[in-house]
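These are the residues of each chain, in order.
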Amino acid sequence: MKPAAILRDSSHRPWPLPARPWAMRQTWSTLLFAHWPVSAEGIAPLLPPGLELETWDGSAWIGIVPFRMEDVRLHGLPPIPGTGSFPELNVRTYVTAGGKPGVWFFSLDATAPPAVLAARAAFRLPYYTARMRCDAHGEAISYASRRRKLRQDAPCAEFAARYRPVGPAFTPRPGTLEYFLTERYCLYAPSAGGRLLRADITHAPWRLRPAEAKITTNTMASAAGIALPDSAPLLHYSERQEALAWWPERV
């Protein structure tokens, strides 16, 4: 999908598109949403001032999201060298500021050092370099990640799973938990001066499928100081999502 088509498909967004030009395009493929309910009291202290934790039925939610990043490029420029296609793994929760619900990332792991350095500098996101593998076997995905200790502040973190879709695709409806967990059109990050930043994102409504997963190793949340419950996660799969992002601005 061309950027112009992504921009035209914006009637589902909860607020208008930014008036300024978009900054970056990217594609997310073979994506797993693995979500756990956790205590809001345990997550709220991990957020910066000015950011409000959002809950569903009294619980905060932690998402661990493995996928493959593709076609990363800046507006008007060719693809960034070394970032054509690579695995990425996010740990996130759901927040709001100024009436705009979004995502807060506790960590983002990727195999592409140029992308890690660029995202840390431009978006102030907690990216880490990791050794990762993402292999497709039909619709099944074998995924493994181990964070590299290239920074002193990089806690050890590992993830290994095999996952696949197991049901028909659907579009989450407003007012459902699936909508709450996925239909987010901005991310938040801290600025160098301690102020809160917001980066707008846009894409088509998510098309999700129920999923199953065998997660054999998972220390991603504990590396961020978060204890996941022993219960099985809520699982969804998405084949492909094309997105545009804007440079962050102060909230």
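Worth saying up front: this structure is predicted, and the values here are computed from it rather than measured.

Participant: Would you explain the pairing of strand β11 (residues 209-218) in this entry?
Facilitator: Remark: a regular strand shows side chains that alternate across the two faces of the sheet. With seven bridges connecting them, strand β8 (residues 158-165) and β11 associate as antiparallel partners. Following the sheet pairing, phenylalanine 159 is matched in β11 by asparagine 218. Note: β11 against strand β12 (residues 234-245), two bridges, orientation antiparallel. Within β12, the residue paired with proline 210 across the bridge is histidine 236.

Participant: Looking at this structure, how should I read helix α3 (residues 113-123)?
Facilitator: Each α-helix turn comprises 3.6 residues. Residues three or four places apart therefore point the same way. Here α3 has its buried residues at Ala115, Val116, Ala119 and Phe123. Down the axis of α3, the smallest arc covering the buried residues is 100°, so these residues share one side. Looking at α3, the residues exposed on the side facing more than 90 degrees away from the buried face are Leu117 and Ala121. Downstream of α3 by one or two residues, arginine 124 has phi in the positive range, about 60°.

Participant: Please clarify how the pairing of strand β10 (residues 196-203) should be interpreted in this entry.
Facilitator: Burial analysis of β10 places eight of its eight residues in the buried class, which makes it a mostly covered element. In this sheet, β10 lies alongside strand β9 (residues 186-190) in antiparallel orientation, the contact comprising five bridges. Bridge pairing links tyrosine 188 to arginine 198 in β10. Between the antiparallel neighbours β9 and β10 lie five residues, among them glycine 194 with a positive phi of about 90°.

Calculation rules
- Residues numbered from 1 in each chain as written.
- Predicted model: local features only at pLDDT ≥ 70, side-chain atom pairs only at ≥ 80, totals over all residues.
- Heavy atoms only, no water.
- Pairing = 2+ DSSP bridges.
- Helix = DSSP H or I, 4+ residues; strand = E, 2+ residues; numbered from the N terminus.
- Buried < 20%, exposed > 50% of the residue type's maximum accessible area, 1.4 Å probe, protein only.
- Arc of directions from axis to C-beta.

Bear in mind that shape data such as this cannot, by itself, settle questions of function.
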